[in-house]
Amino acid sequence: MRNTVFIDGQAGTTGLKIREDLAKRTDIELLQIDDDKRKDTDERRKLLNEADIVFFCLPDAAARESASFVTNPRTRIIDASTAFRTDNDWVYGLPEIHHQRDRIRSASRVSVPGCHATGLILSLRPLIDAGIVGRDYPVTCSTVTGYSGAGKSGIAEYENLTLAAAKQLNVPRHYSLQRNHKHIPEMQLLTGLTYEPSFTPIKASYKQGIAMSVPLFSRLLPSKSTARDIHDVLSEYYASERFVQVMPFDSDAHLDDGHFLITACNNTNRLELFVFGHDDKINIMARYDNLGKGASGAAIQNLNLMLGCDEGYCLKER
Ligand SMILES: NC(=O)C1=CN([C@@H]2O[C@H](COP(=O)(O)OP(=O)(O)OC[C@H]3O[C@@H](n4cnc5c(N)ncnc54)[C@H](OP(=O)(O)O)[C@@H]3O)[C@@H](O)[C@H]2O)C=CC1
Ligand SMILES: CC(=O)N[C@@H](CCC(=O)OP(=O)(O)O)C(=O)O
């Protein structure tokens, strides 16, 4: 029997991609909403309660509204927004974190991680669990990200430009400089840090692909662990993962003439982790597609787990 799926927000950046990927599948029947009824409350409410699984690919406020419309106890929800990521009644959809995969399999409410948060949590959580990084470590981190992370309006901002605006947007832009990015609460909760990490994102003039950088100082770690120790712990933690790979230690072979290529995982659900450094200096880097493992890929990986089918069904590993 086929599972019925409805995507609330099917015309947005994340919704469109999920729809495109699921349309190829024989195990799923996609419930369609007419284009002129996409925001019609009654029609959405009807479809939300007809489907076995629904995706919310909506702004936070609309996601909260949709959640309140679901009254059918059989309907399971996968939400791509920030609305429920730190809510105890929802399961955080990052299966690579120990014990999370089993929780996702049986969950009825799953929250897809934020794109920036994914990189930080996967970099730090194994190290904090192992006691290599103290919970009270003063973590700083930053990302460089493509403009599609901001959805349709962000894409339009960069792609429908006058010449003058194009010149301005050609230059990378820092944002959330008050250290108030919306992913900070989930970063803190899911890493287990005592204090909020200091996080600075930078948006640049390319469509998709994200790189998270987490610098650490060996002298501030409880056992003065080195970059090599950190590489060993991460390698062991993710050894059996399909979508998270720890790349060989400190190798220039990963670089393009000494530079890090942010877009190397684009159009896949793959996330690559790198550890660079020597002596006191350690730098963990994660690269992935903000629209892949950072959004629709992660959402489909969660769907596969919830349906009990192959976790990688219709997802590209490389
Ligand atoms: N882009 C990314 O890299 C990532 C996005 N996310 C999150 O996923 C969610 C969706 O993001 P994204 O796809 O980028 O956003 P988009 O802005 O591209 O798409 C959102 C869609 O929701 C529709 N919509 C807005 N309000 C309503 C409503 N009340 N009822 C029905 N539909 C509505 C919009 O309609 P209309 O077309 O008319 O504007 C649009 O089609 C957001 O919460 C975002 O933060 C998460 C991870 C990464
Ligand atoms: C480039 C860009 O603007 N990206 C967005 C985040 C995209 C994302 O992950 O949004 P959600 O947390 O809603 O899922 C931002 O940094 O605010």
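Cut-offs applied
- Residues numbered from 1 in each chain as written.
- Chains lettered and ligands numbered in written order.
- Predicted model: local features only at pLDDT ≥ 70, side-chain atom pairs only at ≥ 80, totals over all residues.
- Heavy atoms only, no water.
- Helix = DSSP H or I, 4+ residues; strand = E, 2+ residues; numbered from the N terminus.
- Rg over C-alpha atoms; globule rule 2.2 N^0.38 Å.
- Buried < 20%, exposed > 50% of the residue type's maximum accessible area, 1.4 Å probe, protein only.
- Contact = heavy atoms within 4.5 Å.
- Areas by Shrake-Rupley, 256 points an atom, 1.4 Å probe, with all protein chains shown as cover.
- Lys, Arg positive; Asp, Glu negative; His and termini not counted.
- Charge placed at Lys NZ, Arg CZ, Asp CG, Glu CD.
- Axes fitted to C-alpha atoms, helices over the stretch in contact; angles between N-to-C directions.
- Parallel < 35°, antiparallel > 145°, perpendicular 65-115°, else oblique.
- Left-handed = near helix turned anticlockwise from the far one by under 90°.
- Nonpolar A, V, L, I, M, F, W, Y, C, P; charged D, E, K, R; others polar.
- Pairing = 2+ DSSP bridges.
- Polar contact = N/O pair within 3.5 Å; in protein donor to acceptor, adjacent residues only side chain to side chain.
- UniProt positions renumbered as here; feature names shortened; annotations may be inferred.
- Phe/Tyr/Trp six-rings, centres within 6.5 Å; stacked < 30°, edge-to-face > 60°.
- Lys NZ or Arg CZ within 6 Å of the ring centre and 35° of its normal.
- Near = heavy atom within 4 Å.
- 1 Å grid on protein atoms, 1.4 Å probe; cavity = no way out; pocket = protein on both sides within 12 Å on 5 of 7 lines; lining within 4 Å.
- Sits in = over half its atoms within 2 Å of the grid points.
- Domains from an automatic or database assignment.

J.: Could you give me a rundown of the overall build of the chain, with the residues and numbers involved?
T.: Counting its secondary structure elements, the chain contains 10 helices and 13 strands. For 318 residues, the compact-globule formula gives about 20 Å, and the C-alpha radius of gyration of the chain, at 20 Å, lands near that figure. Considering only C-alpha atoms, the chain reaches an extent of 60 × 50 × 35 Å along its principal axes. Expressed as a percentage of its 318 residues, the buried residues of the chain come to 56%. Taking the intrachain contacts of the chain between residues at least 6 apart in sequence as the baseline, contacts between residues at least 24 apart amount to 70%. Roughly 14400 Å² of accessible area belongs to the chain as shown, and the carbon and sulfur atoms make up 49% of that amount. For the chain, the distance from the average site of its 38 positive side-chain charges to the average site of its 41 negative ones is 2 Å.

J.: Kindly report on the packing of helix H2 (residues 41-50) against helix H3 (residues 60-69), identifying the contributing residues and their values.
T.: In the contact formed by H2 and H3, the axes pass within 9 Å of each other and the chain directions differ by 60 degrees. By the angle class used here, H2 and H3 are oblique. Seen along the crossing, H2 lies across H3 with a hand that is right-handed. Contacts between H2 and H3 involve Thr-41, Arg-44, Arg-45, Leu-48 and Asn-49 on the former and, on the latter, Ala-62, Glu-65, Ser-66 and Phe-69. Tallied by class, residues from the contact of H2 with H3 come to three nonpolar, three polar and three charged.

J.: Quick rundown of the sheet that holds strand S4 (residues 76-79)? Include the residues and the values.
T.: Strand order in the open sheet made by the six strands is S2-S1-S3-S4-S6-S5, with parallel pairing throughout. Single-partner strands in this sheet number two, and they are strand S2 (28-31) and strand S5 (91-92). Bridge count between S4 and strand S6 (residues 109-111): three bridges; the pairing is parallel. Counted as the bridge partner of Ile-77 is Arg-109 from S6. Against the sheet, helix H10 (residues 292-307) touches strand S1 (3-8), S2, strand S3 (53-56), S4 and S6, its axis set at about 160 degrees to S4.

J.: Can you lay out H2 for me, pointing to particular residues and giving the numbers?
T.: Looking only at H2, the buried set comprises Glu-43, Arg-44, Leu-47, Leu-48 and Asn-49. The inward-facing, buried residues of H2 contact S1, S2, S3 and H3. Capping of H2 at its N-terminal end is provided by Asp-40; its side-chain oxygen lies 3.0 Å from the backbone amide nitrogen of Asp-42.

J.: Lay out the UniProt feature "domain: Semialdehyde dehydrogenase NAD-binding" (unreviewed entry) in the chain with the relevant residues and their values.
T.: According to UniProt, the positions carrying the feature "domain: Semialdehyde dehydrogenase NAD-binding" (unreviewed entry) are residues 4-104. Helix makes up 35% of residues 4-104 and strand 19%, and the two end C-alpha atoms of the span are 19 Å apart.

J.: How would you summarise the packing of aromatic side chains if you had to cite specific residues and measurements?
T.: Aromatic ring pairs are reported here in terms of the distance separating the ring centres and the angle at which the planes meet. Going through the model one piece at a time under the given rule, you end up with five aromatic pairs. Between Tyr-147 and Tyr-158, the ring centres sit 4.6 Å apart and the planes meet at 5 degrees, which makes this aromatic pair stacked. Pair noted here: Tyr-147 is in the loop between strand S7 (140-146) and helix H6 (151-159) and Tyr-158 is in helix H6, with a separation of 11 residues, a long-range link. Relative accessible area serves as the criterion here: at 9%, Tyr-147 is assigned to the buried category. Overall, Tyr-158 belongs to the buried group, its relative accessible area being 7%. Both rings, one in Tyr-237 and one in Tyr-238, keep their centres 4.9 Å apart while their planes meet at 70 degrees; by these two values the pair is edge-to-face. In this pair, the class of Tyr-237 matches that of Tyr-238, namely buried. Members of the aromatic cluster, joined through ring pairs, are Phe-260, Phe-274 and Phe-276. The ring of Phe-84 carries the charged tip of Arg-64 above its face, separated from the ring centre by 5.5 Å. For the cation-ring pair, Lys-203 lies above Tyr-175, with the distance from its terminal atom to the ring centre recorded as 5.2 Å.

J.: I'd like to hear about the site of ligand 2, residue by residue, with values.
T.: As a matter of local geometry, ligand 2 sits amid 15 residues, with Arg-85, Tyr-175, His-181, Lys-182 and His-183 nearest to it. Take Ala-80: an N or O atom from its main chain is 3.5 Å from an oxygen atom of ligand 2. Here Lys-182 contributes a side-chain N or O atom positioned 2.7 Å from an oxygen atom of ligand 2. Under a 2 Å grid-point criterion requiring more than half of the atoms, the pocket assigned to ligand 2 is the largest pocket. Taken together, the elements giving at least two residues each to the shell around ligand 2 come down to helix H5 (115-129) and S7. Residues from two domains meet in the shell around ligand 2; each of domain 1 (3-113 + 294-307) and domain 2 (115-290) gives at least three.

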